[in-house]
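Summary of the model geometry
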Amino acid sequence: MTLTVERSEIQTPKRLPLNPNYPPFRQWKRGVVNEKLQEDPLCLYIHIPFCTQRCAFCYYKTVDLKERPEIPGYVDALCQEIKMVAEKFNLSKRPIKAVYFGGGTPTVLEENHLVQIVSALRENFHLFDQRIQFSVEAEPLSVSPSKMNVLREIGVNRLSLGIQSFNNEIIKLSGRGHDEKQAYRAIDVAQKAGNGQWAINIDLLSGLAGETTETWKESLECALKTGVESITVYKMEAFANTEVFQQGVREDIIELPSEELEMHFMELAMERLERADYQPWSHFTYTNKASARSEYIFNSWQGMDFYGFGVSAFGYLGDSLLQNTSDMEKYTSLMTTGELPLARGYQFTSLDRIVREVLLGMKLLRFDLVRFQQRHGFKLQFLCGATLNQLESGGFIKVSNTEIELTSKGILYGDYVGETLAASLKNIS
Ligand code: SF4
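Everything quoted here is computed from the prediction, not taken from an experiment. (Residues numbered from 1 in each chain as written. Predicted model: local features only at pLDDT ≥ 70, side-chain atom pairs only at ≥ 80, totals over all residues. Heavy atoms only, no water.)

By domain assignment, the protein separates into domain 1 (42–300) and domain 2 (351–429). Measuring from the centre of the C-alpha atoms in domain 1 to the corresponding centre in domain 2 gives 28 Å. For the pairing of domain 1 and domain 2, the buried interface totals around 990 Å² over both sides, and the portion due to carbon and sulfur atoms is 74%. Among the residues of domain 1 in contact with domain 2, Met-263, Met-270 and His-283 are the three that bury the most area, contributing 56% of the side total. Across the domain 1-domain 2 interface, the total number found is zero salt bridges. The interface formed by domain 1 and domain 2 includes two residue pairs in polar contact (both at pLDDT 80 or more). Of all the elements in the fold, those that place two or more residues in the side of domain 1 that touches domain 2 are helix H9 (259–275), strand E9 (279–282) and helix H10 (295–301). Sorting elements by how many residues they give to the side of domain 1 that touches domain 2 places H9 first, with four residues. Among the residues forming the side of domain 1 that touches domain 2, the class breakdown is seven nonpolar, three polar and one charged. (Domains from an automatic or database assignment. Buried area = accessible area lost by both parts, 1.4 Å probe. Salt bridge = Lys/Arg side-chain N within 4 Å of Asp/Glu carboxyl O. Polar contact = N/O pair within 3.5 Å; in protein donor to acceptor, adjacent residues only side chain to side chain. Helix = DSSP H or I, 4+ residues; strand = E, 2+ residues; numbered from the N terminus. Nonpolar A, V, L, I, M, F, W, Y, C, P; charged D, E, K, R; others polar.)

Right, let's get into the pattern of salt bridges. With the rule as written, the count across this model stands at 13 salt bridges. In this structure, Asp-415 and Lys-363 form a salt bridge, with 2.9 Å as the shortest nitrogen-oxygen distance. With a gap of 52 residues between them, Asp-415 in the loop between helix H15 (408–412) and helix H16 (416–426) and Lys-363 in the loop between helix H12 (350–361) and strand E15 (366–368) connect regions that are remote in the sequence. For Lys-363, a relative accessible area of 12% corresponds to the buried category. (Buried < 20%, exposed > 50% of the residue type's maximum accessible area, 1.4 Å probe, protein only.)

Here Tyr-22 and Pro-23 are connected by a cis peptide whose omega angle stands at -10°. For Pro-23, the position within the fold is in the segment before helix H1 (30–37). Across the junction of Gly-103 and Gly-104, the peptide omega takes the value 20°, indicating a cis bond. In this structure, Gly-104 sits in the loop between strand E4 (96–103) and helix H3 (111–124). Even without being glycine, Gln-164 reaches a positive phi, approximately 70°. Summarising the element assignment, Gln-164 is placed in strand E6 (residues 158–164). For Gln-164, a relative accessible area of 9% gives the class buried. Phi is positive for Asn-195, which is not a glycine, with a value near 50°. Inspection of the secondary structure puts Asn-195 in the loop between helix H6 (180–194) and strand E7 (199–206). Classification of Asn-195 as exposed rests on a relative accessible area of 61%.

A word on the pairing of strand E12 (residues 314–317). Note: E12 against strand E13 (residues 320–324), four bridges, orientation antiparallel. Note on E13: the bridge partner recorded for Tyr-316 is Leu-321. Here E12 folds back onto E13, and the loop between the two strands holds two residues, one of which, Gly-318, carries a positive phi near 65°. (Pairing = 2+ DSSP bridges.)

Quick look at the environment of Tyr-346 now. On the secondary structure map, Tyr-346 appears in strand E14 (residues 342–347). Sequence separation between Tyr-346 and Gln-323 is 23 residues, and the spatial gap between their C-alpha atoms is 9.0 Å. Tyr-346 has contacts with Asp-319, Ser-320, Leu-321 and Asp-352, leaving out every residue within four places of it along the chain. (Contact = heavy atoms within 4.5 Å.)

This next bit is on the packing of aromatic side chains. With the rule as written, the count across this model stands at 23 aromatic pairs. On the numbers, 6.1 Å between centres and 70° between planes, the contact of Phe-306 with Phe-314 is edge-to-face. Taken together, the ring pairs connect Tyr-45, Tyr-100, Tyr-296, Phe-306 and Phe-314 into an aromatic cluster. Positioned over the ring face of Phe-298 is Arg-293, at 3.6 Å from the centre of the ring. Taking NZ or CZ as reference, Lys-363 lies 5.2 Å from the ring centre of Trp-301, over its face. (Phe/Tyr/Trp six-rings, centres within 6.5 Å; stacked < 30°, edge-to-face > 60°. Lys NZ or Arg CZ within 6 Å of the ring centre and 35° of its normal.)

Here the focus is the nonpolar core. Formed by 100 residues in total, the largest nonpolar core has its most connected members in Phe-101, Ile-117, Phe-125, Leu-159 and Ile-202. For this core, the element with the highest residue contribution is helix H2 (residues 71–88), accounting for 10 residues. Split by domain, this core shows at least three residues from each of two domains, domain 1 (42–300) and domain 2 (351–429). In contact with Phe-101, not counting residues within four places along its chain, are Ile-46, Pro-106, Leu-114, Ile-117, Val-118, Leu-121, Phe-134, Ser-135, Val-136 and Glu-137. (Core = buried A, V, L, I, M, F, W, Y, C linked by side-chain atoms within 4.5 Å.)

Rendered as structure tokens:
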């Protein structure tokens, strides 16, 4: 690819006086000082790797409770890591935008362990004022009135429940331990405990084994009937390390919906959710209340720093990605010796920053071209104008002077627009 933005500025050579700086002082502003004196906001992620079962479609590294993991030791290590990281990276004064407990299944923790982790966060970070969104992931079998009450007491204001399907046969095939009744019961218990004070999201998974158009439509209706504030529709991926892949792709024992059918499921979901007044804020999450949006996901995709605590957790700090060891024993033993459990990282180049910004930003449906130009000093259109034109004529996006907006077709195709733009940007190097 050739870049056509360069114009020759070469002057007739002559010996110039020393230029001590760039840009010239007349362009400097007082406001920048004020901005620099403010601490940059930060999001926090806490990883709880334990689950009550191993779901057939899951590709995360999780620990089944049946293996009797040493949970108290893990929680102690987590609290130790929180303290060490806050000190080492000087994070304790930074305003916290959102806290997210994910996994795994955070709600399999005993109530005292949840309290212990939140106390460690409070001791080491600026927590909590009402504006901080505190999200916790849960699954139906781990939802009880007492646990929900504890979550409310420790400040949780958004709960995300992995429901996946409301059809018993499909739930069973997916290897999950709950059934339809227990899914409804969990949502009901969570809603009663929240009493309108927290937002509830439920995850549905399109493309599960055994799913038909009828069962999918029924699951959508069931989800809407619950009245939750947010519904997320993930596309099931048969990754090589899943049981679904072994049985569905490799051995042909279970039948997975085709790509076309899965696309049809997403189309049905988009149409039905919008008809029920749920609006998308990402290409897979719909809410009927602005506060139900995940601030952790929204801000980290907008480029805000976030730090991930726990085994295999990763974060983005300054210009680097950092990830902890994925070895549970190593994680806890490093913490007892007072060493950070970081195992690997990635230092961003200027091009990486741009690619990441566009790729993650497009997930949020609208990409702000003005902000891009302010951050980088040039228009995104200069770098990938031809690709933008192609995507626009394909009906995936609308481009104005100020933003790129995903169309319904763009939303339906998920990461296609982001990935296509990212590929085009990577070609520049
Ligand atoms: S509950 Fe979630 S994290 Fe745990 S095994 Fe199932 S899909 Fe994976």
